[in-house]
Amino acid sequence: MKPVIGYTMGDQSGIGPEVISAALASGELPENAEYRLIGKRVELPPGRPNVESAKHAFDHLEQAAHALREGTVDAVVTAPVCKETLHEAGFRWPGQTEFFAERLETANYAMCLTGKRLTVGLATIHTSLQSVPSLLETEELVRIGTLLKDFCIRKGIMRPRIALAALNPHAGEHGAFGDEDGSIIAPAVERLRTINPDAAFDGPSVPDCVYRDAVEGNYDAVLAPYHDQGLIPLKLVDFHTAVNVTLGLPRPRLSPDHGTAFNLAGTGKANPSSTIHAFQLAVQMAQAR
């Protein structure tokens with residue numbers, strides 16, 4: 001049977017409706033799947049974020065989570081939302097990742113961004129930079145590293161090669177620039193090697209080199225200790241093809257890796273490439289369940 005891929009329009013004052021429509025009309029989506037709108041199309045002035053559009057987006061997220069939970073769809077692609085107005089509409093989660101994890105009763109989850117040239121998992125997500133060292137824990141890195149390995153295998157990569165990026169410059173220079181790499185990340189690498197014989201783990205890897213190594217094909221994925229360390233290289237090399245994937249859910253949830261771009265809404269200039277790749281990967285993951 002064809003997998004059913006649900007999709008939402010996101011904040012419909014932004015570019016969500018445009019990139020979704022362009023993706024569906026592109027001729028680049030797999031034909032062996034059914035694509036089903038979750039929620040409804042509403043007419044709203046483009047480029048003007050407001051609580052009304054956020055309320056519709058919130059309601060459609062709830063419907064998408066319900067569809068995933070009940071199994072009426074095999075995967076969901078969510079268009080971009082505006083967090084500021086979404087929070088004004090009563091949305092209490094830091095982002096869609098945390099929302100879907102709670103709604104699908106999933107404690108073991110993580111955020112992953114993947115494009116044509118680079119795949120990055122995040123050890124910490126939406127938090128201040130100064131809080132990152134206190135949040136890094138060996139067992140958390142092991143948990144997320146294992147999810148990242150499972151994702152690579154689901155994409156068809158047998159025995160994936162995964163690097164754990166160091167937190168500090170030069171991987172801490174043997175403790176000269178902090179001890180987190182030796183005391184937290186190195187033990188996680190050893191533990192991952194022990195419990196995951198179907199993958200090759202490396203690290204702590206010098207952060208100013210490891211992403212280049214991955215882009216050149218030496219690694220299949222990198223686990224970054226914090227949000228911007230992983231997303232800056234990803235968006236540099238894969239801005240138009242990157243997809244946000246919530247790892248660990250019973251059924252996949254994906255989104256294009258860009259925002260609502262209110263300044264482009266209604267201009268016809270929004271690039272649907274990331275949305276196209278989100279649909280393509282959704283079908284691949286749904287078929288690999």
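Residues numbered from 1 in each chain as written. Predicted model: local features only at pLDDT ≥ 70, side-chain atom pairs only at ≥ 80, totals over all residues. Heavy atoms only, no water.

1. So, the overall build of the protein chain
Phase 1: Tallying secondary structure elements over the protein chain gives 10 helices and 10 strands in all.
Phase 2: The globule rule puts the C-alpha radius of gyration for 289 residues at 19 Å, and the 19 Å found for the protein chain is close to it.
Phase 3: Along the first, second and third principal axes, the C-alpha set of the protein chain runs to 60 × 40 × 35 Å.
Phase 4: Here the protein chain holds 289 residues, and the buried ones make up 53% of them.
Phase 5: Of the contacts formed within the protein chain by residues at least 6 apart in sequence, a portion of 77% connects residues at least 24 apart.
Phase 6: Roughly 12600 Å² of accessible area belongs to the protein chain as shown, and the carbon and sulfur atoms make up 50% of that amount.
Phase 7: The positive charge centre, built from 26 side chains, and the negative charge centre, built from 34, are 6 Å apart in the protein chain. (Helix = DSSP H or I, 4+ residues; strand = E, 2+ residues; numbered from the N terminus. Rg over C-alpha atoms; globule rule 2.2 N^0.38 Å. Buried < 20%, exposed > 50% of the residue type's maximum accessible area, 1.4 Å probe, protein only. Contact = heavy atoms within 4.5 Å. Areas by Shrake-Rupley, 256 points an atom, 1.4 Å probe, with all protein chains shown as cover. Lys, Arg positive; Asp, Glu negative; His and termini not counted. Charge placed at Lys NZ, Arg CZ, Asp CG, Glu CD.)

2. Focus: the pattern of salt bridges
Phase 1: This model, assessed by the stated rule, comprises 11 salt bridges.
Phase 2: A salt bridge links Glu34 to Arg36, with the nearest nitrogen and oxygen atoms 3.0 Å apart.
Phase 3: Classification of Glu34 by relative accessible area gives partly exposed; the value is 35%.
Phase 4: Looking at Arg36, the relative accessible area reads 32%, which means it is partly exposed.
Phase 5: Residue Arg212 pairs with Glu216 through a salt bridge whose shortest N-O separation is 3.4 Å. (Salt bridge = Lys/Arg side-chain N within 4 Å of Asp/Glu carboxyl O.)

3. Some details on the packing of aromatic side chains
Two aromatic rings are characterised by how far apart their centres lie and by the angle between their planes.
Phase 1: Summed over all chains, the structure comprises nine aromatic pairs.
Phase 2: A ring pair is formed by Trp93 and Phe99, whose centres lie 4.9 Å apart and whose planes are at 85°; its orientation type is edge-to-face. For the pair formed by Trp93 and Phe99, the shared burial category is buried.
Phase 3: Note on Phe99: relative accessible area 0%, which makes it buried.
Phase 4: An aromatic cluster is built from Phe58, Phe91, Trp93, Phe99 and Phe100, whose rings are joined through pairwise contacts. (Phe/Tyr/Trp six-rings, centres within 6.5 Å; stacked < 30°, edge-to-face > 60°.)

4. A few points about helix α9 (residues 227-238)
Phase 1: Compared with the 16 Å implied by 1.5 Å per residue over 12 residues, the 16 Å span of α9 between its first and last C-alpha is a close match.
Phase 2: Every buried residue of α9 is listed here: Gln229, Gly230, Leu231, Pro233, Leu234 and Asp238.
Phase 3: Looking at the packing, one finds that the buried side of α9 touches β4 (110-114), β5 (119-122), β6 (161-165), α8 (207-215) and β8 (221-224). (Expected span 1.5 Å × (residues − 1).)

5. Here's the deal with the side chain of Thr260
Phase 1: With respect to the element layout, Thr260 can be found in the loop between β10 (253-256) and α10 (273-287).
Phase 2: A relative accessible area of 9% means that Thr260 is categorised as buried.
Phase 3: In this view, Thr260 contacts Asp11, Gly14, Ile15, Pro80, Val81 and Cys82; residues no more than four positions away in its chain are not counted.

6. Looking at the packing of helix α2 (residues 51-70) against helix α4 (residues 96-103)
Phase 1: Closest axis-to-axis distance for the α2/α4 pair is 10 Å, and the angle between their directions is 45°. Classified by the interaxial angle, the pair formed by α2 and α4 is oblique. For the element pair α2 and α4, the recorded crossing hand is right-handed. Of α4, the residues touching α2 (which contributes Phe58, Leu61, Glu62, Ala64, Ala65, Leu68 and Arg69) are Gln96, Phe99, Phe100 and Arg103. (Axes fitted to C-alpha atoms, helices over the stretch in contact; angles between N-to-C directions. Parallel < 35°, antiparallel > 145°, perpendicular 65-115°, else oblique. Left-handed = near helix turned anticlockwise from the far one by under 90°.)

7. What to know about the pairing of β5
Phase 1: Of the two faces of β5, the one carrying Thr119 and Gly121 and the one carrying Val120 and Leu122 are both buried.
Phase 2: Between β4 and the antiparallel strand that follows it, β5, lie four residues. (Pairing = 2+ DSSP bridges.)

8. Some details on the side chain of Gln229
Phase 1: Following the sequence through the fold, Gln229 ends up in helix α9.
Phase 2: What Gln229 contacts, discounting residues up to four positions off in sequence, is Ala165, Ala166, Leu167, Pro207, Tyr211 and Ala224.

It is worth stressing that arrangement in space is one thing and function is another; only the former is reported here.
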